[in-house]
Amino acid sequence: MKFGIRTLSAMVAIIALIAAGLSYWAGEQVDMAGKAGNDAREATFKSYRIAQSLKSLAAGYELTMNEFYSTVLEFPAYQKKSAAQKTAIETELAALATLQEGGVATATELTRLYKEMDSFRLGLEGAMTSADKDWDRAREALFKINVLSTQAIYQADLLGQSANERATALDMSGQAYQAQALLLLRIAALLALVAGIVMLVSAIRAGGAHA
């Protein structure tokens, strides 16, 4: 009889250890998933924000060139406005290049497009500020700028769509981790219940032995 009680006690200890281990592992899973998910969501949010900013900046940069060409903006005002937009674009591209998940590749492509835009911008300025304005050269430069701006906006839009897709995937992954952790906790609770039943049986048997 003593051997039976000891066996039950050992079973209780083993079951309790398993239940504790499952509970700990479930907590670890939730913590790891939460940290990884938060980091990824932060990067995804940054990608989306930068994408929207670059779309707006590209459109604004293109508009500034058109305003200068149509003489809505005088050269000093145009220089100030375009310089501020150029600085903002470079800042966003530098931030994008630090991100994972396609950020570097997209930043490289957008940088190439903006450099080309900048070269045509210089051509536009040269044509518009010469003693005799070269309207044909200015119009050609502006056309190239408009085309490149459209391509830059398209690239930024793809980045934004990709960020949205990653956000959806992250939500699904987080839900899967939570479901797995919940399953582990339920198993741990079931084992704890079994341990309680075994302890109760052990106590009953011990009582019967003393009787």
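These figures come from a predicted structure and were not determined experimentally.

### A short note on the overall build of the protein
Moving on, step 1. If you tally the helices and strands in the protein, you get four helices and zero strands.
Moving on, step 2. Each helix (α) and strand (β) of the protein, taken in turn from the N terminus, gives the series α-α-α-α.
Moving on, step 3. Taking all 211 residues of the protein together, the buried fraction comes to 32%.
Moving on, step 4. Summarising the internal contacts of the protein: among those between residues at least 6 apart in sequence, 78% fall at separations of at least 24.
Moving on, step 5. Accessible surface, the protein: about 12500 Å² in total, of which carbon and sulfur atoms supply 64%.

### Things to note about the nonpolar core
Moving on, step 1. Of all hydrophobic cores here, the largest spans 31 residues; its most connected members are Leu54, Met65, Ile89, Leu96, Leu110, Tyr114 and Leu124.
Moving on, step 2. Breaking this core down by element, the ones donating at least two residues are α1 (2–69), α2 (75–97), α3 (103–129) and α4 (135–210).
Moving on, step 3. Considering each element in turn, this core owes the most residues, nine residues, to α1.
Moving on, step 4. In contact with Met65, not counting residues within four places along its chain, are Tyr78, Ser82, Arg121, Leu124, Leu142 and Ile145.

### Thoughts on the pattern of salt bridges
Moving on, step 1. If you walk through the whole model with that rule in mind, you get ten salt bridges.
Moving on, step 2. For Arg49, the salt bridge goes to Glu92, with nearest N and O atoms at 3.1 Å. Of the two residues, Arg49 is situated in helix α1 and Glu92 in helix α2; the sequence distance between them amounts to 43 residues.
Moving on, step 3. For Arg49, a relative accessible area of 39% translates into the label partly exposed.
Moving on, step 4. Exposure remark for Glu92: the relative accessible area of 10% places this residue in the buried category.

### Concerning the packing of aromatic side chains
Moving on, step 1. Within the structure shown, the criterion is met by four aromatic pairs.
Moving on, step 2. Geometrically, the ring pair formed by Phe68 and Phe75 is tilted, given 5.8 Å between the ring centres and 40° between the ring planes.
Moving on, step 3. The structure contains a cluster of three or more aromatic residues connected by ring pairs, namely Phe68, Phe75 and Tyr78.

### Digging into a nonpolar patch on the surface
Moving on, step 1. Judged by side-chain polarity, Leu190, Leu193, Val194 and Ile197 come together as a nonpolar surface patch covering roughly 350 Å² of accessible area.
Moving on, step 2. Relative to the helices and strands, Ile197 is located in helix α4.

### Examining the side chain of Ser149
Moving on, step 1. Topologically, Ser149 is positioned in helix α4.
Moving on, step 2. What makes Ser149 buried here is its relative accessible area of 0%.
Moving on, step 3. Apart from residues no more than four positions distant in its own chain, Ser149 is found in contact with Ala58, Ala59, Glu62 and Met117.

### A closer look at the side chain of Thr64
Moving on, step 1. As for its placement among the helices and strands, Thr64 is situated in helix α1.
Moving on, step 2. Contact partners of Thr64, with chain neighbours within four places excluded, come to Leu73, Tyr78, Lys81, Ser82 and Gln85.

### What about the confidence of the model for the protein?
Moving on, step 1. Across the protein, the average pLDDT comes to 80, with 70% of residues at or above 70.
Moving on, step 2. The least confident element of the protein is α1, whose mean pLDDT is 75; the most confident is α2, at 92.

### What to know about unusual backbone geometry
Leaving glycine out, the prevailing phi sign among residues is negative, and the prevailing peptide bond configuration is trans.
Moving on, step 1. Although it is not a glycine, Thr71 adopts a positive phi angle of roughly 65°.
Moving on, step 2. The topology assignment puts Thr71 in the loop between α1 and α2.

Definitions and cut-offs
Residues numbered from 1 in each chain as written. Predicted model: local features only at pLDDT ≥ 70, side-chain atom pairs only at ≥ 80, totals over all residues. Heavy atoms only, no water. Helix = DSSP H or I, 4+ residues; strand = E, 2+ residues; numbered from the N terminus. Buried < 20%, exposed > 50% of the residue type's maximum accessible area, 1.4 Å probe, protein only. Contact = heavy atoms within 4.5 Å. Areas by Shrake-Rupley, 256 points an atom, 1.4 Å probe, with all protein chains shown as cover. Core = buried A, V, L, I, M, F, W, Y, C linked by side-chain atoms within 4.5 Å. Salt bridge = Lys/Arg side-chain N within 4 Å of Asp/Glu carboxyl O. Phe/Tyr/Trp six-rings, centres within 6.5 Å; stacked < 30°, edge-to-face > 60°. Patch = residues over 30% accessible without salt bridge, like charges linked within 9 Å, V, L, I, M, F, W, Y side chains within 5 Å. pLDDT = per-residue confidence, 0-100.

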